[in-house]
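Tertiary structure, described
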Amino acid sequence: MKRLFKTTIEQLIHPIASKGAIHPEIYDHLNAIIKLDMDGNLISYNHAFAKQYGYIEQDFTKPFLDVFIKYETIVEKQFFEKALLGMRQKFNALGRCKNGKTIDINVTLIPIKTNAGMDIYVIVKNITEYKAQEEELLRFKKHKDTFNALENICNFHYDAINDRHYFSKQFPVIFGINGRKKDFLTLNQLLQYVHSDDRNRVKNTIEKALSDRTGYQIEYRLLRRDKTVRYLYEHGEILLDKKGNLDGLIGFIQDITSSKISDHVSEKEKQLNQLYSNPDVGIWSTNVQSGQCLNSSKGSEKISGYSTEDFNNGILWTSIIYPEDLPHYLEGQQKLEAGNILHHQYRIIHKNGDIRWVQEYAIPTLDADGKLIQLNGLSTDITEQKVLNEKVKYLSDYDYLTKLPNRQKFYEKLQQLTDEYANSNQKFAIMIFDMDRFKYVNDTLGHQIGDELLIQISERLSTHLTSDDMLSRHGGDEFIVLIGKMGSIESLKEKADQMIESLKEPFYIKDFQLYVTASVGISTYPYNGVSSIELLRNAELALYNSQKSGKNNYKIISHSSSIQSYKAFSIGRDLKKAIKNNEMTLFYQPRVDAHSNQIISAEALIRWNHPEWGIISPHEFLTIAEEIGLITEIDDWVLKEVCNQIKKWKIEQHQTVPISINISAVHFTKPDWPSAVAKVIREAGIHPDDLEFEITESLFLNNKKMVKNTIYSLKELGIKIALDDFGTGYSSLAYLTKFPFDVIKIDKSFIRNMDQGDRDLFITKSIIYMAKGLQIKVVAEGVETIQQLEILQKEQCDEIQGYLFSHPVPTDEFEPILQKKTLPPMDPKLKAKQNKRKHDRLHFPYPLAADMRLISIAGRSMQLGKSNVLIEDMSIGGLRYVSNLRLPVRGDVQFEFKTEILGKPLQLNGSIVWKEEINEGLIEYGIMFIMGEDEQTSLASLLDTFNELLNNSSSLPPYKLVKEDKYQYFKQLNSDQT
């Protein structure tokens, strides 16, 4: 009958869900039925609700459930949120009648979709009578008191469902309560009688017993209203109903104060006897007026070597105190004269001449006039502890082998300097020394020789440092030098030369004559950053460059070393302000069906519209964001922006597709993150299946269990999960079977070379075949050519993403693409280059290699180091070049180009007027020259001569040509020039 009844109500609700008011058949129904909007506000209700609970429409100025239901736990509030996600909910709760009476009710929430969104129907059943009968029966059964005849024991029953403690008649006597009105107490009310120091322990024990469904035993103190303290022993066992569900607890409480006090006194006496007999603790009393030692334990004599008789025969305690510590000791005596207890440490000279450390706890006794008359105290010998502490401190700060400061000590000093120099013009430098060929010495001659070599190296390097500098061992064969006060770059270079030169002299160890050299990387403050992380990272980068350039040398990297390093410096400096200044924006790149070209989805890609560098891609700043703790804030911003954009498109009735978002690993270690995601989706008013989250395999390296739980929580919400950059990680195949992925995205590195070699083609085919077997959709990333598309179509790849169909574009450009529904491929080989110049251009058969420097920004001279570019054509008005650097299109940013044509050096200045991405690694730029008429005439003559030789000769004219593939050229090139 219950099932039939429920069906009848739902059959009534569904046909009339779109109507505003309650249908007459529902209005007359026996059960209370209420209709709510998505915010929980009352729309209408039937006659049964008004009759049974006494409310009228004007009573609901707040959301209906907040008025009608008395929430006991946060879980009850979540039922409505789950109903909004389309899930039917049923639960028991306490309902409030208008007259204030609280009743037990059963609530059913039924979500019904409408054209405007969703309505929630609420069915309420009064189960008070059933509950009362059930409680009365249980109370009758559980009120049998087997302990009534015992004076110091009371039994109890705890009703966990309703949070009520019921006690036998001894309870008021034990707890010192008179005139108790209620026949039960809640758990929190009961805990108020427990001593504050024990309260949390008792609460945690009871809650753990309920959670684990196990019995418990505990002793604790009770603080009565008359301020007396009683000791209680409590024993409880779990109580289950017939169905095995948690019902509560049953047990007894016993007053054990008498036995506890007796045990306590005995224990204290035992402890005092042990303490007085302990040879390691000195207990003493001194009459301050007479100077007589009233009492002294064996421990006092062992600590100082002097007996009570020695001190009563003229030996003064102050006479054995170590001279350097005597002023500190006498200062403490003044505190004792003021009546303050003194706890201090100092050294004494033992009777045998040894210096010992003493820890003393002295308690003064004052007479009625406030005059010090007696001292009682405890003394312990802490000499061994002091020696051990000093040794531990030394080992924690210094390298055991070279005795130099270790890595941790160096970091502390580095942080101290960055803080100290933050608001000054002072400069310092970091030098990282890596010993060339040290591993060879270690492997061939053994670690003993290697260790001695490290010691001698540290000694030589130390001779070139001042008291402001620090030399530390970073680990292995690596040393770091901190130059505390740096003068000029020239003086820094001179010091580096001296230190490298000092290592060229042979090292004599046993019968061996050893030679080592060093590669050194140097970064400077504040030019290469103002934080420890930035300075160390760039010193490591400089070391890498030093090793690449032949070892036995140094490289100094600073903000003025190259365009790219200055840009990285700017990014690190400005990133924290970017979100606050609203500089972040979103681009979208569509994903299309591999066969129909239909737009299936799109990926949201964050961009930073930097005030100086223009649009910056995520790979340039997200790593820094992770290092400085901004990645979660950026991810949260992207999620909210995407949800709000989807909502905007839906309101404007635009065509929409699911949008994928890249999520960093840190979110998956937060258990409450899925709830936060659900809240953002709900507030935006979109559906979870409007989103797809992309994660990389690095996510699984730590805490796989938590990551798996988070993924399943997101899946339960309805969000699809895609595994990005598939094939580049650590154990891709294992992850496919262990985690519920909807999509895998083949990494672009396989796609790029797929049509040029069998290896990448075979891997791509295998991934597609395997995914098909696991019923996982496959997306190919980085597709740039028709040939790549045809291979993927042949292998039945599902979706395509890449420049062949569309670059990532801003929102206003993506919206028209989205409305097309389909997107044809655009083969770059067929795409004609637009003539962006008004002058005739010279097209070089092979690109012309050139050095480019950024020389000014908004009139501010920069004089940065050079970066390599490839010039493809040139005219008297400008040139077109290719680079792997991302630079802004700004007329007030000027660049200098240096190259060589026909054996003649050529220098040209200009600004970027347009740019276009060739692929995800290379960008093409157009430069407009800044030059006078004479320079223009000279350039025209040079280009005409080159063009004439090119057209009338079987061989190419001499110029700095590059025949290598452009992508490979920049891949192998060291972009961080020094």
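Treat the numbers as computed from the prediction; the structure is a model and nothing was measured. (Residues numbered from 1 in each chain as written. Predicted model: local features only at pLDDT ≥ 70, side-chain atom pairs only at ≥ 80, totals over all residues. Heavy atoms only, no water.)

A word on the packing of aromatic side chains
By the definition in use, this model includes 39 aromatic pairs. A centroid spacing of 5.9 Å and a plane angle of 10 degrees characterise the contact between phenylalanine 49 and tyrosine 55, whose relative ring orientation is stacked. Exposure class is identical for phenylalanine 49 and tyrosine 55. Each is buried. Between tyrosine 53 and phenylalanine 68, the aromatic rings sit 5.1 Å apart at their centres with planes inclined by 80 degrees, giving edge-to-face as the arrangement. With tyrosine 53 in helix H3 (residues 47–53) and phenylalanine 68 in helix H4 (residues 64–68), this residue pair connects regions lying 15 residues apart in the sequence. Residue classification places phenylalanine 68 among the buried residues on the basis of a relative accessible area of 1%. (Phe/Tyr/Trp six-rings, centres within 6.5 Å; stacked < 30°, edge-to-face > 60°. Buried < 20%, exposed > 50% of the residue type's maximum accessible area, 1.4 Å probe, protein only. Helix = DSSP H or I, 4+ residues; strand = E, 2+ residues; numbered from the N terminus.)

Description of the sheet that holds strand E17 (residues 428–436)
Pairing is mixed across the open sheet formed by 5 strands, whose spatial order is E18-E19-E17-E22-E23. Looking along the sheet, the strands with just one partner apiece sit at the ends: strand E18 (470–475) and strand E23 (554–557). Within this sheet the neighbouring strands show an average axis-to-axis angle of 20 degrees, counted without direction. Inspection of the sheet shows E17 paired to strand E22 (residues 517–525) by 9 bridges, in the antiparallel sense. (Pairing = 2+ DSSP bridges. Axes fitted to C-alpha atoms, helices over the stretch in contact; angles between N-to-C directions.)

A short note on the pairing of strand E25 (residues 599–610)
Burial analysis of E25 places 10 of its 12 residues in the buried class, which makes it a mostly covered element. Strand direction decides the pairing type here: strand E24 (residues 584–593) and E25, joined by 9 bridges, are antiparallel. Each bridged residue has a counterpart across the sheet, and for leucine 586 the counterpart in E25 is isoleucine 606. From the end of E24 to the start of E25, which pair antiparallel, there are 5 residues, and asparagine 597 there has a positive phi angle of about 65 degrees. In this structure, E25 lies alongside strand E27 (residues 659–662), joined through 3 bridges in parallel fashion. Each bridged residue has a counterpart across the sheet, and for glutamate 603 the counterpart in E27 is serine 660. Relative to strand E26 (residues 614–616), E25 is paired through 3 bridges, and the arrangement is antiparallel. Of the residues in E26, the one forming a bridge with tryptophan 608 is isoleucine 616. Where E25 folds back onto E26 in an antiparallel hairpin, the turn is made up of 3 residues.

Brief notes about the nonpolar core
Within the largest apolar cluster, 112 residues are counted, with the highest numbers of intra-cluster contacts made by Val642, Leu691, Phe693, Ile800, Met874, Tyr881 and Leu887. At 9 residues, helix H22 (residues 631–651) tops the list of elements feeding residues into this core. If sequence neighbours within four positions are ignored, valine 642 has contacts with Leu586, Tyr588, Ala604, Ile659, Ile661 and Leu691. With 33 residues, the next largest nonpolar core counts Leu404, Leu492, Tyr554 and Ile556 among its residues. (Core = buried A, V, L, I, M, F, W, Y, C linked by side-chain atoms within 4.5 Å. Contact = heavy atoms within 4.5 Å.)

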